[in-house]
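Structural overview
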Amino acid sequence: MKLRHSTSIQSKIKLSATLQSWLPILQSPLDDLENTLNEFAQDNPYMRIDSQRERSLNVKPKRERMQSSTINDTIERFCIAQKGLFEVLIEQITAPLFPTPRSCKIAENIIKYLDEQGYFEGDMEQIAQECECTVEECEKVRQRFCHLEPPGIASCDLVESFLFQLEHVDCNNEVYSLCRTIIKNLEKHSSYKKHEYYKDAMKIIQTFKNPPAIDYFEEDKEIIPEIFVIEEAGEIEVKINDAHYPLVILEEKKVNTKESYIRSKIKEARDLIDALEMRKATLYKIGLMIVEYQYDFFKGGEIRPMRLKDLADEFSHSPSTISRAISGKYLECNRGIYSLKSFFATAIDEDISNAAIKEYIADLVKNEERKHPLSDTKLLKSVENKFSIKMVRRTITKYRKQLNIASSSERKKLYEISC
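Residues numbered from 1 in each chain as written. Predicted model: local features only at pLDDT ≥ 70, side-chain atom pairs only at ≥ 80, totals over all residues. Heavy atoms only, no water.

Once that is clear, we can look at the overall build of the protein chain. Secondary structure assignment for the protein chain yields 20 helices and seven strands. Burial statistics for the protein chain: of 419 residues in total, 41% are counted as buried. Taking as baseline every contact in the protein chain between residues at least 6 positions apart, the subset at least 24 positions apart corresponds to 64%. When the accessible surface of the protein chain is split by element, carbon and sulfur atoms take 47% of a total near 24200 Å². (Helix = DSSP H or I, 4+ residues; strand = E, 2+ residues; numbered from the N terminus. Buried < 20%, exposed > 50% of the residue type's maximum accessible area, 1.4 Å probe, protein only. Contact = heavy atoms within 4.5 Å. Areas by Shrake-Rupley, 256 points an atom, 1.4 Å probe, with all protein chains shown as cover.)

Shown next as structure tokens:
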């Protein structure tokens, strides 16, 4: 392996007293670095921060450039603030569905107990106590949510979500009745194939959204990589994303004040410039170390977890400090964009990364038998056998949810209707 240096920064620069003073600069993610620098510069008349973000928009890799046909849509999306799910629901808490202050209060409390997917996960007894009413009254109010937008909101599970969404469909009574029957028995929907309205019913059901709040999920935040790993002609090159770095401009202008004050402020500005360069040098060295340890990964293999302790020893800092330094930072290579933390082992085991476990879980689900989806317990056993470690089921459940993978029972229902 040959590493071709693409920057004049010396890779062996150690963390100095200056960098320790400006540690927030190292720990700040690239998209927030300008704000961090401005906090240091706001009381110093001898320096200013020059943003390069706007200029860098024109030098993104080709695959990230917008198609010209979408420019107007993008401008409109930025100019028109989209309403969030909470705001949309609150606007609908009015008569005739919620005609009294009491029903409105119950409905507003129900909204507070919706999870990020739009499902209701609250305790009706607690809501009844807060609203000084009965559980039955609260449940009746919740059922009225079947008429709200987005369809399926405030349902308790997939089946009820589909039943709620059915209330928004315009169809004849026979199709409506069959839809309700099939939804309540999704696993055996094929047993209704001989019904004359089966195709019509399934066509409707397959348009339903799961989860109900999917249209209100936050758009993925633009990820700006700190490090580029580029392979050309068999050589691996590590680059720092200089195009997105703000510039610290030193302005040695004369003012009527004490000379010692001028010297101290100019020194602060120069120290800040040094700290910014040391940030680049530190991350560049981290990039070199990752490439050295993860050479097989950049050639198409699997991630081989590194130890934070090794990196910390190299920089003479504690693992916790290095952990904060790489947090929220990303590396881009020909395989995609990866968080720096995904290359390091976690508390699960010194030789196993959570990224490797998540990738294995995703692969298991992708290739599972659709008639018998893998439960979290079965996923746990497979992970333990694969990696020779001991884990608890709730950790597997957490990873599954982070991967946006439904539970085995919900996956089975979705497989049955080919959603």
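A few words on the confidence of the model for the protein chain. Confidence along the protein chain averages 80 in pLDDT terms, with 82% of residues attaining 70 or more. Ranking the helices and strands of the protein chain by mean pLDDT puts helix 9 (residues 135-143) first, with 96, and helix 5 (residues 71-79) last, with 37. Below a pLDDT of 50 lies the segment residues 4-17, which in the model reaches 32 contacts outside its immediate sequence neighbourhood of four places, other chains included. Across residues 347-351, where pLDDT falls below 50, the model places nine contacts with residues more than four positions away in sequence or in other chains. (pLDDT = per-residue confidence, 0-100.)

Let us now look at the nonpolar core. In terms of nonpolar packing, the biggest core is built from 41 residues, with Leu37, Val229, Ile290, Phe298, Leu331, Phe343 and Phe344 touching the most fellow members. The dominant element in this core, judged by the number of residues it contributes, is helix 13 (residues 259-293), at 11 residues. Other than its neighbours up to four places away in sequence, Leu37 contacts Ile25, Ile49, Pro246, Val248, Leu272 and Leu276. Counting 25 residues, the second-largest nonpolar core is a separate cluster that includes Phe98, Ile106, Ala107 and Ile127. (Core = buried A, V, L, I, M, F, W, Y, C linked by side-chain atoms within 4.5 Å.)

Tallying each qualifying case throughout the model produces one cavity of 30 Å³ or more. Space inside the largest cavity adds up to approximately 40 Å³. In terms of residues, the lining of the largest cavity owes the most to one element, strand 3 (residues 227-232), which gives three residues. For the lining of the largest cavity, a count of residues per class yields five nonpolar, one polar and one charged. (1 Å grid on protein atoms, 1.4 Å probe; cavity = no way out; pocket = protein on both sides within 12 Å on 5 of 7 lines; lining within 4 Å. Points joined across faces, edges and corners; volume = space filled by probe spheres on them. Nonpolar A, V, L, I, M, F, W, Y, C, P; charged D, E, K, R; others polar.)

Using the criterion set out here, one finds seven aromatic pairs in the structure. Seen in terms of ring centroids, Phe297 and Phe298 are 5.3 Å apart; in terms of plane orientation they differ by 75 degrees. Their pairing is edge-to-face. Both residues of the pair, Phe297 and Phe298, count as buried. Among the aromatic residues, ring-to-ring pairing joins Phe297, Phe298, Tyr338 and Phe343 into one connected group. (Phe/Tyr/Trp six-rings, centres within 6.5 Å; stacked < 30°, edge-to-face > 60°.)

A separate point is the environment of Asn185. Mapped onto the elements of the fold, Asn185 is located in the loop between helix 11 (173-183) and helix 12 (198-205). Overall, Asn185 belongs to the partly exposed group, its relative accessible area being 25%.

Proximity of charged atoms lets side chains of opposite charge pair with each other. In total, this model carries 14 salt bridges according to the counting rule given. For the salt bridge of Asp215 with Lys209, the shortest nitrogen-to-oxygen distance reads 2.3 Å. When the shortest N-O distance is used, the salt bridge between Glu268 and Lys265 registers 3.7 Å. With Glu268 and Lys265 both in helix 13 and three residues apart, this pair spans about one turn of that helix. A relative accessible area of 14% means that Lys265 is categorised as buried. Linked by salt bridges that have partners in common, Glu139, Arg142 and Glu160 make up one network. (Salt bridge = Lys/Arg side-chain N within 4 Å of Asp/Glu carboxyl O.)

A few words on unusual backbone geometry. Most peptide bonds adopt trans geometry, and most residues besides glycine take a negative phi value. For the bond running from Glu149 to Pro150, omega is 0 degrees, close enough to zero to count as cis. Residue placement: Pro150 occurs in the loop between helix 9 and helix 10 (158-166). The omega torsion of the bond from Asn210 to Pro211 falls at 0 degrees, within 30 degrees of zero and hence cis. Mapped onto the elements of the fold, Pro211 is located in the loop between helix 12 and strand 3.

The next subject is the pairing of strand 3. Both strand 3 and strand 4 (residues 235-240) contribute to a ladder of six bridges, which runs antiparallel. Within strand 4, the residue paired with Glu231 across the bridge is Ile236. Hairpin remark: strand 3 followed by strand 4, antiparallel, with two residues in the connecting loop; positive phi at Ala233, about 55 degrees. Note that strand 3 and strand 6 (residues 330-333) share two bridges and pair parallel. Pairing of Ile227 across the sheet is with Leu331, part of strand 6. (Pairing = 2+ DSSP bridges.)

Listed in full, the buried residues belonging to helix 20 (residues 408-416) are Arg411, Lys413, Leu414 and Tyr415. Those residues of helix 20 hidden inside the fold are in contact with helix 10, helix 17 (354-366) and helix 19 (393-402).

Count 3.6 residues to each turn of an α-helix, and residues three or four apart come out pointing the same way. Turning to helix 6 (residues 85-92), its buried residues number three or more, namely Leu85, Val88, Leu89 and Gln92. For helix 6, the angular spread of the buried residues around the axis is 95 degrees, confining them to a single face. Check the buried side of helix 6 and you find it contacts helix 7 (101-112). (Arc of directions from axis to C-beta.)

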